[in-house]
Amino acid sequence: MYLHPEMETLTRPEIEKLQLERLQKTVRHCMNSPFYKKRFEDNHLKPEDIRSLNDLRKIPFTTKQDLRDTYPFGMAAVPLEKAVRLHSSSGTTGNPTVILHTQKDLDEWANAVARCLYMVGLRPGDIFQNSSGYGMFTGGLGFQYGAERMGMLTVPAAAGNTKRQLKFITDFGTTALHAIPSYAARLYEVMEEMGIDPRRDTKLKTLIIGAEPHSEEQRRRIEDMLGVKAYNSFGMSEMCGPGVAFECREQNGLHIWEDYYIVEIINPDTLEPVPDGEVGELVLTTINREAMPMLRYRTRDLTRILPGECPCGRHHKRLDRMKGRSDDMIILKGVNIFPIQIETVLLQFKELGSDYLITLETMESNDEMTIEVELSQLFTDDYARLQALTREITRQLKDEILVTPRVKLVPKGSLPKSEGKAVRVKDLRKTF
Ligand SMILES: [Zn+2]
């Protein structure tokens, strides 16, 4: 049941011993990086000062801005001729960021992804289809190499072209699919249009979903629609890509591979650590990387460490599903709201589909939130029923987010569809 039993079954003391060894090695290696060398000097810090895992806190955080400021190669800890791959994330604002990999980095990355896929029960003989974008987006090559490493026949279907995607699924007998959650829902819609019954006409049994925050309700819906088990995946290009943390078959949190990363959760305002179980910003230190090690990287992702033991026998800590990025948080009338909170409420209504759009706009100098949500196939034109439904949704949303949104029920298929990450929030507010 373990692909790497020597790492997956480490006890907590063994994990911490390994982490300290690898951290010390990483910090020494970081002195080859112009960025970290200067940062250590500026802070009167030496690699020998890191004597325990707690000493990690002496090291300043690394931020996305640091990556931008050192663009493209200023953070590298190996000469460029030792690097064999580069991934760049465009980002919507500012300079892009670059992550370099040596051949060893790529090998370790593939091993991590293979370990994740094995953990959810996939085996050689499974047929793995990847509907991620390929190219710079790490979900493409990351899953490709990991699935191949594990020994599966791997179909690089790439993003989009839903009908072709479905043809591959039926013709090749795809048993496992990697898709972002909104796209999994989209695939089901197109299956319905084409008269494909996923249980009868496909061999799909496992879905890997990630790269987009989604609620537990969304996962259960995907499982019901497609007749599969859906497992949550977490990764980010700064940490390689997919394979950072993954759910096991218990589906109760994502094990983060602590032989690769040291995990901290901090309060994003005070920058102090928060106790296990409390939500904060995820901070990661790579302890198994050559080309571009990263110390205390502030991911901007909000999550918490789930206390307690996992019945699967792995002692690697578990992260709760991502609540969203601190940048995704909506502040409306002084209240902090995450789109995922809204989704959780909406998807509890069987009358509603999975697509919704939150629009923020200024009306008569007040900021207002409008939520358009598609009805499911249970669409009714009974005006009184729709009105009662709208009222009930509004009431439950207000309970959850503490402001009263305007809810508009719209017919199925009327919201814009994207084949990439779904756009859930439009902010049209005037800023004065
Ligand atoms: Zn587990």
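Cut-offs used in this document
Residues numbered from 1 in each chain as written. Predicted model: local features only at pLDDT ≥ 70, side-chain atom pairs only at ≥ 80, totals over all residues. Heavy atoms only, no water. Helix = DSSP H or I, 4+ residues; strand = E, 2+ residues; numbered from the N terminus. Rg over C-alpha atoms; globule rule 2.2 N^0.38 Å. Buried < 20%, exposed > 50% of the residue type's maximum accessible area, 1.4 Å probe, protein only. Contact = heavy atoms within 4.5 Å. Areas by Shrake-Rupley, 256 points an atom, 1.4 Å probe, with all protein chains shown as cover. Lys, Arg positive; Asp, Glu negative; His and termini not counted. Charge placed at Lys NZ, Arg CZ, Asp CG, Glu CD. Pairing = 2+ DSSP bridges.

Undergrad: Would you take a moment to explain the overall build of the protein chain for this structure?
TA: Secondary structure summary: the protein chain contains 12 helices and 21 strands in total. Over its C-alpha atoms the protein chain spans a radius of gyration of 23 Å, differing by no more than 12% from the 22 Å that the globule rule assigns to 432 residues. The 432 residues of the protein chain split such that 54% are buried. Once local pairs closer than 6 in sequence are excluded, the contacts in the protein chain between residues at least 24 apart make up 66%. In the form shown here, the protein chain has an accessible surface area of approximately 19100 Å², with 51% of it arising from carbon and sulfur atoms. For the protein chain, the separation between the mean place of its 59 positive charges and that of its 62 negative charges on side chains is 1 Å.

Undergrad: I would appreciate a short explanation of the pairing of strand β3 (residues 127–130) in the present structure.
TA: As a general feature of sheets, a regular strand has side chains that alternate between the two faces. Side chains I127 and Q129 of β3 all project onto a buried face; the interleaved residues F128 and N130 project onto the opposite face, where all are buried too. As judged from the three bridges shared by β3 and strand β4 (residues 153–155), these two strands associate in the parallel manner. Across the sheet, I127 pairs through a bridge with L153, a residue of β4. Of the pairings in the sheet, the one linking β3 to strand β5 (residues 176–179) comprises three bridges and is parallel in character. Residue pairing in the sheet places F128 in a bridge with A176 of β5.

Undergrad: Quick question: what am I supposed to make of the side chain of D126 here?
TA: By the element assignment, D126 lies in the loop between α5 (103–119) and β3. Setting aside chain neighbours within four positions, we find D126 in contact with G121, M152, L153, T175 and K205.

Nothing here speaks to function; it is geometry throughout.
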